[in-house]
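Structural description and commentary
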Amino acid sequence: MIRSLSLSALAVRSLRNLQRVDLSPGPRFNVIAGDNGQGKTNLLEAIYVVATSRSFRVPKPGDVIRIGDPTASVRAEILDGGTLRVQSVGLEPGKRHARIDGKRPTSLLAYAVQTPAVVFHPGEMVLSMGGGSERRRLLDRVALYLGTGGQDDLSAYTRALRERQRAL
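First things first, this report covers the structure right here in the doc.

So, how was this worked out
Numbers given for residues are sequential positions, taken from 1 along each chain in its written order. Restriction of local features to residues with pLDDT of at least 70 applies here, the model being predicted, together with a cutoff of 80 or more for giving and counting side-chain atom pairs; totals for whole chains, interfaces and linings are based on all residues. Excluded from the side-chain calculation are hydrogens and water; included are all heavy atoms of the structure. Only runs of H or I of at least four residues qualify as helices and only runs of E of at least two qualify as strands under DSSP, and these elements are numbered from the N terminus. For every residue, the accessible area (1.4 Å probe, protein chains only) is compared with the maximum for its type, and the residue is labelled buried under 20%, exposed over 50%, or partly exposed between those bounds. Whether two residues touch is decided by their heavy atoms; if any such pair falls within 4.5 Å, the residues are in contact. Here, Shrake-Rupley sampling with a 1.4 Å probe gives the accessible areas, and only protein chains in the shown set may cover a residue. Between the first and last residue of a helix there are one fewer steps than residues, each counted as 1.5 Å, and that sum is the expected span. By definition, a salt bridge exists where a carboxyl oxygen of Asp or Glu is found within 4 Å of a side-chain nitrogen of Lys or Arg. In short, DSSP must find at least two bridges between two strands for them to pair. The angle between two axes is taken between their N-to-C directions and runs from 0 to 180 degrees, where each axis is a line fitted to C-alpha atoms and a helix contributes only its stretch in contact.

1. Quick word on the overall build of the chain
Of the regular secondary structure elements, the chain holds 5 helices and 5 strands. In sequence order, the secondary structure elements of the chain are arranged as β-β-α-β-β-β-α-α-α-α. Within the chain, the fraction of its 168 residues that count as buried is 30%. Once local pairs closer than 6 in sequence are excluded, the contacts in the chain between residues at least 24 apart make up 55%. Here the chain displays about 11,000 Å² of accessible surface, and carbon together with sulfur accounts for 54% of that area.

2. Considering helix H1 (residues 40-52)
Here H1 contains 13 residues, and its C-alpha end-to-end distance of 19 Å stays within 8% of the 18 Å for a straight helix at 1.5 Å per residue. Note on H1: the residue one or two positions beyond its end, serine 53, has a positive phi of about 80°.

3. Topic: the pattern of salt bridges
This model, assessed by the stated rule, comprises 7 salt bridges. Its salt-bridge partner being arginine 20, residue aspartate 22 comes within 3.8 Å of it at the nearest N-O pair. Residues arginine 75 and glutamate 77 are paired through a salt bridge, measuring 3.7 Å at the closest nitrogen-oxygen approach. Judged by its relative accessible area of 39%, arginine 75 falls in the partly exposed class. Glutamate 77 gets classed as partly exposed once you look at its relative accessible area, which sits at 24%. A cluster of three or more residues bridged by salt bridges with shared partners is formed by Arg13, Arg20 and Asp22.

4. Things to note about the sheet that holds strand S4 (residues 83-92)
Hydrogen bonds along the backbone pair up the strands of a sheet, which may run parallel or antiparallel. The strand order S2-S1-S3-S4-S5 describes an open sheet built from 5 strands, whose pairing is antiparallel. Edge positions in the sheet fall to strand S2 (18-23) and strand S5 (95-100), since each has one partner strand and no second. Each strand axis lies, on average, 15° off the axis of its neighbour in the sheet, ignoring direction. Contacts from H1 reach strand S1 (5-15), S2, strand S3 (72-80) and S4 within the one sheet, and its direction differs from that of S1 by about 110°.

Nothing here speaks to function; it is all geometry.
The following block contains the structure:
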């Protein structure tokens, strides 16, 4: 079953060049427009961060924090098939603090599957031009959103791969 999700409110604090943004998007279609360097991609990154707890541009949580600020945060109200929930992510160097309705999820993976989000940007050109590992990773992420049973399997598989690497 495909769920209907929509973003009804977004609050961004100290993420990249976005010091303070409060957004109430329209219910159906929204256009983000502006000159270069004004924060359009950063706003999309903030939405991705609150959906998945991570950036699609950099691997470290602290790399998205606005220069000169100690922390960053993104909070969203998400309408999920008629039920409103609040998701938030606090970021500091080396740490992510995810919450759903004020409570910590059992894992960051459990958090990420609540609000499926996939981003295609110029850095994702490896999907069409690179090796198969990036395509497999994308398919793994999409499969997680289609059924929650795969979460545990993916976590176990990832742990097994890490342990194999350490053993080698």
